[in-house]
Amino acid sequence: MKRRNILLASVVAAFAMAGSAAHAERGGDGELKILFWQAVSTLNPYLSGGTKEVYSSSMVIEPLARYDETGKLVPTLVTEIPTLENGGIAPDMTSMVWKLKPDLKWSDGTDFTADDVVFTWKYCTAPDGGCAQKAQYEGIKSVEAVDPHTVKMTFTEPKYYPYGAFVGGQSPIIQKAQFKDCVGAAAPGCTSANFGPIGTGPFVVKEFKPNDVITFTANKNYRDPAKPAFATVTLKGGGDAVSAARAVLETGEYDYAWNMQVEPEILATMVAAGKGELVTAFGSQVERINLNHYAVDPSLGEKRSTKEAGPHPALSDPAVRRALSMAIDRDVINEAGYGAAGKPTCNIVPGPEVYASTANDWCLKPDVDGANKLLDEAGWVKGSDGIRAKNGVKLSFLYQTSTNSVRQATQALVKDMWAQIGVAAELRNISASVFFGGDPASPDTFQKFYADVEMYTNNFDGTDPEKYLAEWLCNQIPAPSNGWQGQNMPRYCNPEYEKLVTELSKTADLAKRAEIAKKANDMLTEEGAHIPLIYRGQVSARSATLEGVKINGWDSELWNVADWSRKK
């Protein structure tokens, strides 16, 4: 019964997704214009942890199932969601079977088969490759093609929430024929495939200029002959969030702009122009400051920010990590940068509500006196310059983030707050296209983390945090050996945490799972893997002429772009 409870709580019985808007014909609505002020660097989400890459590629390559705007699982390339009730999941929870929809075609006209699904698993789990989404495939023993339309997944042990691999925008199916020579170490060099994946989605890549613009055309082999309504899509990247908001809300030059991380009073003025509106969804996004647990001094050369560099000389002290969090006034940051689109938080898993912990609420109120006392007791002494030091190590940190007015304002606020406890911060901002780009050759990516602390937002697909919490496993630390593609940015590694994640994977009861997930969340906050700041709503801008948009906090925002159309 416990197994049934969790599955019933997480899954909606399979049903065909109904389109939301009437479409006269495929391509009848002309051009759709989208703005991503964080430009896209690749269309292979397995080679980048960036949200912009996941969202943009979701118009082309698709998962077997995805989450709708309410957080419910819905089939995409399969006939139904496997459950215990329909026999898709084995009674002992050690295997599940996906049934592919018949007659599915790739955009090049070839058949989509179970071999493509098997290949995708092999691609991301290749031992000498760097797959940014490897956590999605934790606990899978094998993936087999039973026949051309049936895929069987076998787990290493009973898996009580099996909807990780091949579900959501972070785990799409790639075509075996296109990527067969791109496995492992060869993956980053497959430029043509990475920039123009063949997919099953509503659009096909026509031209991709990295960190600039992508043009798409309607997929003539898309499974719904009446969709998409738009013949072409132009996805322009770069600029800044304010300009992107203005292009939709004031001038009407664009139809949709993602990620309106703009001061609330500015957005309110733009909305008043009447050209569009803001669409918001609270899912699991958290703006956080990651604390690097490895040393990052430039003198360390290629060892920098790796295990071989050794522990960070200051941030390896738990007292320092906790004091940095205690000194921050999250209410001030939220008021200045987020308004109604944000909530101060101490959790890395802020939602759904059943998983939201209150055990760390001590961090919601700043405690500068307490932080100073903690550092005094730990032996960090203020010098004549007001900066604390111990054994020749100063509490002076390089603090990096992407270029964005809200983030630079937050940096300035945090710098001032930390100065009150004798901590100095050198602020650095990097173009979002580069910072989130995932280029292993760049020294400026958030994965490489050549700084003491860094700030950005991340979230997870769906409503279950198991695979998200697995991102803080030791084997998820970005390193040269995995092409800097892991998701464990703070380089956090704790055997006790690993036990919790393992226990979560073996637990069926929803209440017990929530209890374990909260413990894992609390451990990350209490031990200072990072400093959660703001539980962010996903805010984007939509033209008043655009219909069918359903903002989604649990999957790609462009998850239903096939249903978008021009208002008649």
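Residues numbered from 1 in each chain as written. Predicted model: local features only at pLDDT ≥ 70, side-chain atom pairs only at ≥ 80, totals over all residues. Heavy atoms only, no water.

Participant: Could you give me a rundown of helix α11 (residues 405–419), with the residues and numbers involved?
Facilitator: The first and last C-alpha atoms of α11 sit 21 Å apart over 15 residues, in line with the 21 Å expected at 1.5 Å per residue. The complete set of buried residues in α11 reads Val-406, Arg-407, Thr-410, Gln-411, Val-414, Met-417 and Trp-418. Down the axis of α11, the smallest arc covering the buried residues is 135°, so these residues share one side. Capping of α11 at its N-terminal end is provided by Asn-404; its side-chain oxygen lies 2.9 Å from the backbone amide nitrogen of Val-406. (Helix = DSSP H or I, 4+ residues; strand = E, 2+ residues; numbered from the N terminus. Expected span 1.5 Å × (residues − 1). Buried < 20%, exposed > 50% of the residue type's maximum accessible area, 1.4 Å probe, protein only. Arc of directions from axis to C-beta. Polar contact = N/O pair within 3.5 Å; in protein donor to acceptor, adjacent residues only side chain to side chain.)

Participant: I'd like a rundown of the environment of Pro-202, residues and numbers included.
Facilitator: Residue position: Pro-202 is located in the loop between α5 (191–195) and β7 (203–209). Owing to a relative accessible area of 3%, Pro-202 belongs among the buried residues under this scheme. Linking Pro-202 and Pro-490, residues 288 residues apart in sequence, is a C-alpha distance of 37 Å. In contact with Pro-202, other than residues within four places in its own chain, are Met-59, Glu-62, Thr-217, Ala-218, Asn-219, Tyr-222, Pro-228, Val-561 and Ala-562. (Contact = heavy atoms within 4.5 Å.)

Participant: Which residues make up the sheet that holds strand β15 (residues 393–394), and what values do they have?
Facilitator: Adjacent strands of a sheet pair through backbone hydrogen bonds, lying either parallel or antiparallel. Here three strands make up an open sheet; going across it, the order is β13-β14-β15 and the pairing antiparallel. Where the open sheet ends on each side, the last strands, each with one partner, are β13 (381–382) and β15. Judged from the two bridges that link them, strand β14 (residues 388–390) and β15 form a sheet pairing that is antiparallel. Among the inter-strand pairings, Lys-390 is bridged to a residue of β15, identified as Val-393. (Pairing = 2+ DSSP bridges.)

Participant: Hey, could you go over the sheet that holds strand β6 (residues 150–155) for me, with residue numbers and the actual values?
Facilitator: Taken in spatial order, the three strands make up an open sheet running β4-β6-β5, and their pairing is antiparallel. Pairing within the sheet leaves two strands with one partner each, and these edge strands are β4 (95–99) and β5 (140–147). Ignoring which end each strand starts from, the neighbouring axes of this sheet average 20° apart. Relative to β6, β4 runs antiparallel, the two sharing five bridges. Each residue of the ladder has a partner; that of Trp-98, found in β6, is Val-151. The strands touched by helix α3 (residues 114–125) within the sheet are β5 and β6, with β5 carrying the most contacts at an inclination of about 165°. (Axes fitted to C-alpha atoms, helices over the stretch in contact; angles between N-to-C directions.)

Participant: Provide a residue-level description of the nonpolar core, including the pertinent values.
Facilitator: In globular proteins that are soluble, nonpolar side chains generally tend to be buried together. Counting 76 residues, the largest nonpolar core has Leu-64, Trp-98, Tyr-163, Phe-166 and Trp-564 as the members making the most contacts within it. Top contributing element to this core by residue count: α3, with seven residues. Dropping the residues within four chain positions of it, Leu-64 is found in contact with Pro-75, Thr-76, Leu-77, Val-78, Trp-98, Leu-100, Phe-112, Val-117, Phe-166 and Ile-173. (Core = buried A, V, L, I, M, F, W, Y, C linked by side-chain atoms within 4.5 Å.)

Participant: Give a detailed account of the pattern of salt bridges, specifying residues and quantitative values.
Facilitator: Considering all chains together, one arrives at 27 salt bridges under this definition. In this structure, Lys-506 and Glu-157 form a salt bridge, with 3.3 Å as the shortest nitrogen-oxygen distance. Taken as a pair, Lys-506 in the loop between α14 (495–505) and α15 (510–526) and Glu-157 in the loop between β6 and α4 (176–179) lie far apart in primary sequence, 349 residues in all. Given the relative accessible area of 30%, Glu-157 is considered partly exposed. Among the salt bridges present, the one from Arg-536 reaches Glu-287, with a minimum N-O distance of 3.6 Å. Taken as a pair, Arg-536 in strand β19 (residues 530–543) and Glu-287 in strand β11 (residues 276–291) lie far apart in primary sequence, 249 residues in all. Classification of Arg-536 by relative accessible area gives buried; the value is 4%. Residue classification places Glu-287 among the buried residues on the basis of a relative accessible area of 1%. The network of salt bridges with common partners includes Lys-159, Asp-464, Glu-466 and Arg-513. (Salt bridge = Lys/Arg side-chain N within 4 Å of Asp/Glu carboxyl O.)

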